[in-house]
Amino acid sequence: MNLVIEDTTLILCTKCGESKNSTDFYRNKSRKSGYDCWCKSCKSTYKRERNYLSKLVGTPERKDLRNGWIERQWKLQKGKCFWTGKPMVIGDPLRRPSLDRLIPGADYSPENTVLTQYAINIMRLNNSQASFLNYLIDLGIANTSLLNNLLKVDHVQRKTTRSRHKQNRTNWTVRHSR
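Conventions adopted
- Residues numbered from 1 in each chain as written.
- Predicted model: local features only at pLDDT ≥ 70, side-chain atom pairs only at ≥ 80, totals over all residues.
- Heavy atoms only, no water.
- Helix = DSSP H or I, 4+ residues; strand = E, 2+ residues; numbered from the N terminus.
- Areas by Shrake-Rupley, 256 points an atom, 1.4 Å probe, with all protein chains shown as cover.
- Core = buried A, V, L, I, M, F, W, Y, C linked by side-chain atoms within 4.5 Å.
- Buried < 20%, exposed > 50% of the residue type's maximum accessible area, 1.4 Å probe, protein only.
- Disulfide = S-S within 2.5 Å.
- Contact = heavy atoms within 4.5 Å.
- Polar contact = N/O pair within 3.5 Å; in protein donor to acceptor, adjacent residues only side chain to side chain.
- Patch = residues over 30% accessible without salt bridge, like charges linked within 9 Å, V, L, I, M, F, W, Y side chains within 5 Å.
- Salt bridge = Lys/Arg side-chain N within 4 Å of Asp/Glu carboxyl O.

Enquirer: Whenever I open this one, the overall build of the protein confuses me. Can you help?
Expert: Counting its regular elements, the protein contains five helices and six strands. Walking the protein from its N terminus toward its C terminus, one meets helices and strands in the order β-β-β-β-α-α-β-β-α-α-α. Entry remark: accessible area of the protein is about 12,800 Å², with carbon and sulfur atoms responsible for 53%.

Enquirer: Mind showing me how you'd approach the nonpolar core here?
Expert: In a soluble, globular protein the nonpolar side chains are often hidden away together inside. In this structure, Leu56, Ile70, Trp74, Trp83, Leu99 and Leu115 are the most contacted members of the largest nonpolar core, which totals 20 residues. Elements that contribute at least two residues to this core include exactly α1 (40-56), α2 (69-76), β6 (113-117) and α4 (129-139). Formed by six residues, the second largest nonpolar core is a distinct cluster that contains Cys13, Phe25, Tyr35 and Cys39.

Enquirer: Please explain the state of the cysteines as it appears in this structure.
Expert: One way to say it: the disulfide is the covalent bond shared by the sulfur atoms of two cysteines. Counting across every chain of the model gives zero disulfides. Counting only cysteine sulfurs, Cys13 is the nearest neighbor of Cys37, a cysteine outside any disulfide, at a range of 7.5 Å. Overall, Cys37 belongs to the partly exposed group, its relative accessible area being 27%. Not part of a disulfide, Cys39 finds its nearest cysteine sulfur in Cys42, a span of 3.4 Å. When its relative accessible area of 1% is taken as the criterion, Cys39 is described as buried.

Enquirer: I would appreciate a short explanation of the environment of Ala106 in the present structure.
Expert: With respect to the helices and strands, Ala106 occurs in the loop between β5 (97-101) and β6. When its relative accessible area of 23% is taken as the criterion, Ala106 is described as partly exposed. Setting aside residues up to four positions removed in sequence, Ala106 forms contacts with Arg101 and Asn112.

Enquirer: What am I meant to see in the side chain of Asp36 here?
Expert: Mapped onto the fold, Asp36 is located in strand β4 (residues 35-39). Looking at Asp36, its side chain comes within polar contact range of the side chain of Lys43, at 2.8 Å. Setting aside residues no more than four positions away along its own chain, Asp36 makes contact with Phe25, Tyr26, Asn28, Arg31 and Lys43.

Enquirer: For this particular structure, what's the right way to read a nonpolar patch on the surface?
Expert: Together, Leu94, Tyr118 and Ile122 line one region of the surface with nonpolar side chains, adding up to about 280 Å² of accessible area. Its place among the elements puts Leu94 in the loop between α2 and β5. Residue classification places Leu94 among the exposed residues on the basis of a relative accessible area of 52%.

Enquirer: I'm lost on the environment of Asn134 in this one. Help?
Expert: Tracing the chain through its elements places Asn134 in helix α4. Asn134 gets classed as partly exposed once you look at its relative accessible area, which sits at 45%. Separated by 13 residues in sequence, Asn134 and Leu147 place their C-alpha atoms 10.0 Å apart.

Enquirer: Just checking my understanding: could you explain unusual backbone geometry for this structure?
Expert: It is generally the case that most residues other than glycine have a negative phi and that most peptide bonds are trans. Positive phi outside glycine occurs at Lys78, with the angle close to 55 degrees. Mapping Lys78 onto the fold places it in the loop between α2 and β5. Lys78 gets classed as exposed once you look at its relative accessible area, which sits at 68%. Positioned with a positive phi, Leu125 is a non-glycine residue whose angle comes to about 50 degrees. On the secondary structure map, Leu125 appears in the loop between α3 (118-124) and α4.

Dropping the structure here:
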């Protein structure tokens, strides 16, 4: 009769931050502990997300978004919808990630493209950023950090415009007073 004693070593997953049994980790001989740093569930979630996100850039018109842009954008947005700040869920038909162009009709360039929930992207259609954001505010689902950033940008642009006008008036008076 063979008696098998399970390994009760606890390992901290660096992805989810939970301490789990070593059986919840893949073996990895190159690591000092002999196990991967991410648990099996975190690793499979990451692979599923990565596979789904890589399929988003499959069309030729989105060729500028290749070379890991989607993964970087996903990390930058922390897996949350650009417009609402709510989590995007791979596998959910309405909350799955979707590419949205900030300027409708323009190309899918890294500067003009963000990740949004599919349902939010469909709601937006060809509305401008301002009108769509106002609509989301009315619904009470707008991303507050996005609102704060847009208000800061608008304030800076107004300030810059005022200083340019003042500078232009000064240059005009200097040129014409001679």
